[in-house]
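Inside the fold
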Amino acid sequence: MTRIYTLVNQKGGVGKTTTAINLSSYLGKAGQRVLLIDLDSQANATSCLGIDHATVSAGTYEILIGQIPAAEAVLHNTSLQLSIIPSSSALAGAQIELVEVAGRETLLRDAIKNLKGRYDYILIDCPPSLGLLTINGLTAASHGVIIPIQCEYLALEGLTQLMRTLRRTRVALNPGLTVRGLLLTMFDRRTNLSRDVVKEVQKHFPENVFQSIIPRNIRLAEAPSHGLPISAYAPNSPGAFAYQALATELMRGDNIGQSGIVADNKE
Ligand code: ATP
Ligand code: MG
C-alpha cells in the first residue's frame, strides 16, 4: 500500500518543506520506499536536496501538463535512499495555464496513479497558498494531510480557512481526505509563547497533534545550503532527533514497525 500525505499550510515559512525533506529522509532510512513531490514553484524541496531547479526540465510542471509520465520525472538519490519529483519556476505559470483544463484539480492524482505500489510513502510539499496547486496536493492525499504549525504569534491564524478548504475538497474531490496530524514546529522551550502555542493547539485539536515536536534548531536551517537532509548534515542535532522521532511516530501510527515491516496488512 502506498500512503500519500500532503504537507499543507497556506501560511508561509512554517516548516512545510523542512518537514517534507527530513521526514522523507528518515522514512527512507527506516527502509521505506519514499517519493517526495515538490509541488511548489519556489522549488525549495528540490534545492534542499542539492538539485539546481534551473536545470529541471522534467519535473512536477511537465507531469501536470501531461508532457511526460510521472515515472520519467523521478530522480533517485541512492545515498539518501530517497526519490524526488523536482520542481522548477515553470510551475509558477501552471495555476493560470491550467485554469481552463477539464479535471484540473485531479491532475496530480491522475498523473501519479501509475507510481502507486512502487513506494510505501509519497509526500507532497505544497506552496504557501490555497490555489490550484495546493488543491491538487489535497486531492492526491489518499491518506491525509500533515499541517505544520509554527510555534509563534498568530500560529492558529488561517487554520479555520484551511479546514474549510479541506472540507470542501473532501466533499467535491477526495472523500477520504483526513488530517493525519498537526505538527508543531520551531518550538523554543525558553519562551512562554512557544509553550502557550503548544497548549492552545493541543486544546483545539486534542486527537490530531503529533507528540513529536520540532524544536527551533539552527542545524535544520543550515542543512539546505549543503543540499542535505538533517540526517546527513547533523545527525546528532536536536532537530535530527525530532524528525527521526516524527518518522517513527508516523510509521507506528500507520502500523509499520521500525524495521519497516508492515504489521497490519489490511488496506
Ligand atoms: P514556504 O511557505 O515558503 O514554502 P515552508 O512552510 O516550506 O515555507 P520552510 O522553508 O520549511 O517553511 O522553513 C522556513 C524557514 O525556516 C527556512 O529558512 C527553514 O530553514 C527554517 N526552519 C524551518 N524549520 C526550522 C526549525 N525547526 N528550526 C530552525 N529553522 C527552521
Ligand atoms: Mg516550502
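Residues numbered from 1 in each chain as written. Chains lettered and ligands numbered in written order. Predicted model: local features only at pLDDT ≥ 70, side-chain atom pairs only at ≥ 80, totals over all residues. Heavy atoms only, no water.

1. Quick word on the pattern of salt bridges
The condition is simple: The salt bridge definition used is simple: a Lys or Arg side-chain nitrogen within 4 Å of an Asp or Glu carboxyl oxygen. Strands are runs of DSSP state E lasting at least two residues, helices are runs of H or I lasting at least four, and both sets are numbered from the N terminus onward. Only protein chains enter the area calculation, which uses a 1.4 Å probe; residues under 20% of their type maximum are buried, those over 50% are exposed, and those in between are partly exposed.
Tallied over the entire structure, the rule returns seven salt bridges. Residues Asp 120 and Arg 33 are paired through a salt bridge, measuring 3.1 Å at the closest nitrogen-oxygen approach. Of this pair, Asp 120 sits in the loop between helix H5 (107-112) and strand E5 (121-125) while Arg 33 sits in the loop between helix H1 (16-29) and strand E2 (34-38), and the two are 87 residues apart along the sequence. On the accessibility criterion, Asp 120 (16% relative accessible area) is buried. The closest approach of N and O atoms between Asp 188 and Arg 190, which form a salt bridge, is 3.0 Å.

2. As for the nonpolar core
Heads up, the condition is: Buried Ala, Val, Leu, Ile, Met, Phe, Trp, Tyr and Cys residues form a nonpolar core when they are joined through side-chain atoms within 4.5 Å. By definition, residues are in contact when any of their heavy atoms lie within 4.5 Å.
Leu 23, Leu 27, Leu 36, Leu 49, Tyr 121, Ile 146 and Leu 250 are the most contacted members of the largest nonpolar core, which has 36 residues in total. Looking at this core, the elements with two or more residues in it are strand E1 (3-7), H1, E2, helix H2 (44-48), strand E4 (82-85), E5 and helix H11 (238-253). The dominant element in this core, judged by the number of residues it contributes, is H11, at seven residues. Excluding residues within four positions of it along the chain, Leu 49 makes contact with Ile 21, Leu 36, Leu 80, Leu 82, Ile 84, Gly 227 and Pro 229. Core analysis: the next-biggest nonpolar cluster, separate from the first, contains 25 residues, Leu 35, Ile 68, Tyr 119 and Ile 124 among them.

3. Structural notes on the confidence of the model for the chain
Fine structural detail should not be taken from predicted coordinates in areas where pLDDT scores are low. Counted only if it meets this: Residue-level confidence of the predictor is what pLDDT reports, using numbers from 0 through 100.
The predicted model of the chain averages 94 in pLDDT, with 96% of residues at 70 or higher. Confidence over residues 258-267 falls short of pLDDT 50; this stretch has 14 contacts with residues more than four positions distant or in other chains.

4. Description of the site of ligand 1
Condition: Nearness here has a simple test: a residue counts as near a molecule or strand if at least one of its heavy atoms is within 4 Å of that partner. Polar contact is the term for a pair of N or O atoms within 3.5 Å; when the atoms are in protein, one must be able to donate a hydrogen and the other to accept it, and sequence-neighboring residues count only if both atoms are side-chain atoms. Where accessible areas are quoted, they stem from the Shrake-Rupley method and a 1.4 Å probe; at the residue level, only the protein chains shown are allowed to cover. In the scheme used here, Gly and all other residues not listed as nonpolar or charged are polar, with Ala, Val, Leu, Ile, Met, Phe, Trp, Tyr, Cys and Pro taken as nonpolar and Asp, Glu, Lys and Arg as charged.
The environment of ligand 1 is formed by 18 residues, the closest being Lys 16, Thr 17, Thr 18, Pro 215 and Asn 217. Contacts to ligand 1 include Gly 13, whose backbone N or O atom sits 3.0 Å from an oxygen atom. Here ligand 1 loses 80% of its free accessible area of 620 Å² to cover by the protein chains. Where the shell around ligand 1 is concerned, the elements lending two or more residues are H1 and helix H9 (218-222). If you tally residues by element for the shell around ligand 1, the top one is H1, at three residues. Split into classes, the residues belonging to the shell around ligand 1 amount to seven nonpolar, seven polar and four charged.

5. Some points on the pairing of E4
Going by this rule: Pairing between strands requires that DSSP locate at least two bridges from one strand to the other.
Residues Leu 82 and Ile 84 point to one face of E4 and Ser 83 and Ile 85 to the other, with burial holding for every one of them. Of the strand pairs in this sheet, E2 and E4 are connected by three bridges, and their pairing is parallel. Pairing of Leu 35 across the sheet is with Ser 83, part of E4. Strand direction decides the pairing type here: strand E3 (residues 75-77) and E4, joined by three bridges, are antiparallel. What sits directly across from Asn 77, in E4, is Leu 82. The turn joining E3 and E4, which pair antiparallel and follow one another in sequence, is formed by four residues; a positive phi near 50° is taken by Gln 81.

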